[in-house]
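The chain contents come next:
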Amino acid sequence: MIHPSISSSINTQKKSELHGHTKAADSTLSQKSNIPTSIRFPAIISDLDPMAKEPVRVLVTGAAGQIGYALVPMIARGIMLGADQPVILHMLDIPPAAEALNGVKMELIDAAFPLLKGVVATTDAVEGCTGVNVAVMVGGFPRKEGMERKDVMSKNVSIYKSQAAALEKHAAPNCKVLVVANPANTNALILKEFAPSIPEKNISCLTRLDHNRALGQISERLSVPVSDVKNVIIWGNHSSSQYPDVNHAKVQTTSGEKPVRELVKDDAWLDGEFISTVQQRGAAIIKARKLSSALSAASSACDHIRDWVLGTPEGTFVSMGVYSDGSYNVPSGLIYSFPVTCRNGEWSIVQGLPIDEVSRKKMDLTAEELKEEKDLAYSCLS
């Protein structure tokens, strides 16, 4: 059920939020003590009359950028949280992007999305984070030519430390956070450190893009609909060290589910070109587009949040970067991509999958990279 304080608080806002013309989050939300108790997921899929559902506040940082521009209409159309779930979009970006951000807001209003009950477009982190139930952290500092790895890490540590503080003080209780900006795993770890009141299970990073890329490669190879392929795994870091694993993947056929390896019948491809293609897909898209992945990243972010909130189908697992509890001998204290299932708004790591020696080495290799990133990030803090 939706907490009564949600109803009373949001009802006072409705007049100012009609038709997506909200100028800012209500001043009554400016104090942490006055923030309404968050909507308890999956309250948004309750049996209430869809027209009576209270809006969910969704923050997108870096909203004027390419991924943000692709993502916000998907959220407004219900692709992330469901076709009957109203939303209030909070869009946050840096001051130089303020004019472009206002342009995105104008387009959202012009699109007349029925589910969009308000828009907050701001360059102020406190205003952007106030009362949000879901935060999609797209904004970050990209690596530029000639920059050292530590320089990029230092920039992002500063950004995520600041945004974590804003979420810590002003987001709704039980806010769910997805970090998209690279280095996604380590940015999520920094955010966790500086937003201690947000449960560690509520902070994740995006490896669903890599997961979806792996599904796509199998689909193309076998000439089957991508919806018939499931249970690939992305282990580890959202980087070229990640391990795309098909050892547990299956394909739906006319005679039932079959293992991917059995159908592909080409271990050399699965252990070689398939892995490198998924690992290097982002670079290949940059080479082709002269710009980084935007549409696919936005779509994958929607997939990540939708499955997290609404649940994964029975017998299907997906990949999420989550805080390691030591499962599969992955060191605890890292944000690492695991196979997970989701139910009642909570993810759980799939346990008991057999891991062969080749997989073990690849899983350990990407964990080592994450440990190095963590050490580098902490050195930037000090």
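What counts as what
- Residues numbered from 1 in each chain as written.
- Predicted model: local features only at pLDDT ≥ 70, side-chain atom pairs only at ≥ 80, totals over all residues.
- Heavy atoms only, no water.
- Helix = DSSP H or I, 4+ residues; strand = E, 2+ residues; numbered from the N terminus.
- Buried < 20%, exposed > 50% of the residue type's maximum accessible area, 1.4 Å probe, protein only.
- Contact = heavy atoms within 4.5 Å.
- Areas by Shrake-Rupley, 256 points an atom, 1.4 Å probe, with all protein chains shown as cover.
- Phe/Tyr/Trp six-rings, centres within 6.5 Å; stacked < 30°, edge-to-face > 60°.
- Lys NZ or Arg CZ within 6 Å of the ring centre and 35° of its normal.
- Polar contact = N/O pair within 3.5 Å; in protein donor to acceptor, adjacent residues only side chain to side chain.
- Pairing = 2+ DSSP bridges.
- Right-handed = clockwise from strand over helix to strand, strands pointing away.
- Axes fitted to C-alpha atoms, helices over the stretch in contact; angles between N-to-C directions.
- Parallel < 35°, antiparallel > 145°, perpendicular 65-115°, else oblique.
- Left-handed = near helix turned anticlockwise from the far one by under 90°.
- Nonpolar A, V, L, I, M, F, W, Y, C, P; charged D, E, K, R; others polar.

Asker: Would you explain the overall build of the chain in this entry?
Answerer: A count of helical and extended segments in the chain gives 14 helices and 14 strands. Burial statistics for the chain: of 382 residues in total, 53% are counted as buried. Across the chain, contacts joining residues at least 24 apart in sequence account for 73% of those joining residues at least 6 apart. Of the accessible surface of the chain, which amounts to about 16800 Å², a share of 53% is contributed by carbon and sulfur atoms.

Asker: Whenever I open this one, the packing of aromatic side chains confuses me. Can you help?
Answerer: Each aromatic ring pair is characterised by the separation of its centres together with the angle its planes make. Scanning the entire structure with this criterion turns up four aromatic pairs. Judged by centre distance (5.6 Å) and plane angle (50°), the ring pair of Trp269 and Phe274 falls under tilted. Judged on exposure class, the residue Trp269 and its partner Phe274 are both buried. Judged by centre distance (5.0 Å) and plane angle (50°), the rings of Tyr336 and Phe338 are tilted. The pair formed by Tyr336 and Phe338 is uniform in burial state, with each residue classed as buried. Each member of the aromatic cluster is reached from another via a ring pair, and the members are Trp235, Tyr328, Tyr336 and Phe338. The ring of Trp347 has Lys201 lying over it, and the distance from NZ or CZ to the ring centre is 4.4 Å.

Asker: Whenever I open this one, the side chain of His211 confuses me. Can you help?
Answerer: Relative to the assigned elements, His211 resides in helix α8 (residues 208-222). Engagement of the side chain of His211 in a polar contact is seen with the backbone oxygen of Val232, the distance being 3.5 Å. Excluding anything up to four places from it in sequence, His211 contacts Val232, Ile234, Phe317, Val318 and Ser319.

Asker: Just to check I follow, could you spell out the pairing of strand β3 (residues 116-122) for this structure?
Answerer: Within β3, five of the seven residues are buried, which leaves the element mostly enclosed by the surrounding structure. One ladder, built from six bridges, connects strand β2 (residues 87-92) with β3; its direction is parallel. Paired with Leu92 across the two strands is Thr122, which belongs to β3. Regarding the hand of the β-α-β motif, the stretch spanning β2, helix α4 (residues 98-111) and β3 is right-handed.

Asker: Looking at this model, I keep getting lost on the environment of Val309. Mind explaining?
Answerer: On the secondary structure map, Val309 appears in helix α13 (residues 295-310). Along the backbone, Val309 and Lys176 are 133 residues apart, and their C-alpha atoms lie at a distance of 9.1 Å.

Asker: Can you walk me through the packing of helix α7 (residues 184-194) against helix α14 (residues 357-381) in this structure?
Answerer: Geometry of a packed helix pair, given as the angle between the helix axes and the separation of the axes. Viewed as axis vectors pointing N to C, α7 and α14 meet at an angle of 50°, and their least axial separation amounts to 10 Å. One element, α7, and the other, α14, form an angle in the oblique class. Considering how the two elements wind past one another, α7 and α14 form a crossing that is right-handed. Counting all contacts with α7, which are made through Asn185, Thr186, Leu189, Ile190, Glu193 and Phe194, the residues of α14 involved are Leu370, Glu373, Lys374, Ala377, Tyr378 and Leu381. Residue classes in the contact of α7 with α14 are distributed as seven nonpolar, two polar and three charged.

Asker: Help me understand the sheet that holds strand β7 (residues 229-230), please; the structure alone is not making it clear to me.
Answerer: Within a sheet, adjacent strands bond to each other through the backbone by hydrogen bonds, running parallel or antiparallel. Spatially, the three strands line up as an open sheet ordered β7-β10-β11, and their pairing is antiparallel. Edge positions in the sheet fall to β7 and β11 (256-259), since each of these pairs with one other strand and no more. In the sheet, β7 pairs with strand β10 (residues 250-253) via two bridges, with the strands oriented antiparallel. If you follow Val229 over to β10, its bridge partner there is Val251.

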